[in-house]
Amino acid sequence: GHASPPAAPSPAAAAAAAASPAPPPRFRYAELFAGVGGFRLALDGLGGRCVFASEIDPCAAATYERNFGDAPLGDITEVPDEDLPAHDLLTAGFPCQSFSRSGEQRGLGDARGDLFFEIVRVASRCRPAALLLENVPNLLRVDNGHALHIIVHALTRAGYHCRLQLANAAALVPQHRERLYLAAFRDAAAAAAFRWPSLPEARGAAHRALGSGTVGVGYHGTPPGTLPPQYRTLGELLEPLADEERSRYELSETQWRQVRSSLEWRTNPQWRLAQLGGAARTLRGSYRKSYSRFSEFVPPARVAE
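Keep in mind that this is a model prediction, so the values were computed, not measured.

(A) Layout of the confidence of the model for the protein chain. Per-residue confidence for the protein chain gives a mean pLDDT of 80, with 72% of residues at or over 70. Scored below 50 in pLDDT, residues 1–6 shows 15 contacts in the model against residues more than four places distant or in partner chains. Taken as a whole, residues 208–222 scores under 50 in pLDDT and shows 14 contacts with residues more than four places along the chain or in a different chain.

(B) Up close: a nonpolar patch on the surface. Taken together, the side chains of L140, L164 and L166 define a hydrophobic patch exposed on the protein surface, amounting to about 200 Å² of accessible area. With respect to the element layout, L166 can be found in strand β5 (residues 161–168).

(C) Quick look at the pairing of strand β2 (residues 48–53). Counting buried positions along β2 yields five of six residues, so the element is predominantly enclosed. Judged from the five bridges that link them, strand β1 (residues 27–32) and β2 form a sheet pairing that is parallel. Of the residues in β2, the one forming a bridge with F27 is G48. This β-α-β element, β1 to helix α2 (residues 38–45) to β2, shows right-handed connectivity.

(D) A look at the pattern of salt bridges. Taken as a whole and assessed by the stated rule, the structure comprises seven salt bridges. One salt bridge in this structure joins D44 and R40, with 3.3 Å as the shortest N-O distance. Here D44 pairs with R40, and both are found in helix α2, just four residues apart, close to one helical turn. Given the relative accessible area of 31%, D44 is considered partly exposed. Classification of R40 by relative accessible area gives buried; the value is 9%. Linked by salt bridges that have partners in common, R40, D44 and D70 make up one network.

Calculation criteria
Residues numbered from 1 in each chain as written. Predicted model: local features only at pLDDT ≥ 70, side-chain atom pairs only at ≥ 80, totals over all residues. Heavy atoms only, no water. pLDDT = per-residue confidence, 0-100. Contact = heavy atoms within 4.5 Å. Patch = residues over 30% accessible without salt bridge, like charges linked within 9 Å, V, L, I, M, F, W, Y side chains within 5 Å. Areas by Shrake-Rupley, 256 points an atom, 1.4 Å probe, with all protein chains shown as cover. Salt bridge = Lys/Arg side-chain N within 4 Å of Asp/Glu carboxyl O. Helix = DSSP H or I, 4+ residues; strand = E, 2+ residues; numbered from the N terminus. Buried < 20%, exposed > 50% of the residue type's maximum accessible area, 1.4 Å probe, protein only. Pairing = 2+ DSSP bridges. Right-handed = clockwise from strand over helix to strand, strands pointing away.

In structure tokens, the structure reads:
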């Protein structure tokens, strides 16, 4: 019932591991709706050990396995209680489609929104000390806030004290990605003592400081890759593509016509161009369906610079 064992390490890696056994984990965690492993990347770096992961999307699960060496289980609704291991922290970026402004906003009345209650089931069964959940900011407004009220009430009934915070990833990386985070604790004193981290200064202020030379040696004179993430731009993170590779990512003539016929293009074509000297807009998982309206485009000549 647990994630499959990792692939066999190379002889050199095995020898190194035998010579220096891994230290015991600082904490154990489980992740539901794991995606490609964003929570795991952070928690492993803090000394955690993943003891359970679940992700139903086959492409995301395959990427997760490639990233970490073990495959998450599939549909969490099919995992019985007795197969859920003990853990200290439960994380979940639970499905956002029914809460997002780009969807029908049916909230918990949607089958995908209802999957939130799988979090409650796992937390009630395993009783981890803390939960860390993530979703779109529109969860605050869906059904006039009633959906969020139900979520917090359900976690409270399960024995948790909840804290909520909006945070934008643009403070750390060149992507505007505002999300609602919910931290919940079984211990009331731990909840009272908890403080959300203070994020670095806004990206615009950071770039102004870099341009004036008050931080480091100034943006234009700083070697690529040497700046802290919050000072780097979208253009610095894009990888150059050879001509034969680039063709895989170019729009077809039909797609290009659809883009040009969209209201967004006709209103402001510049809005569709990626700001290489700044940050990307929120990356989406639905470009295949919505590229004609929302996706940003990188001019090929700029990528090669």
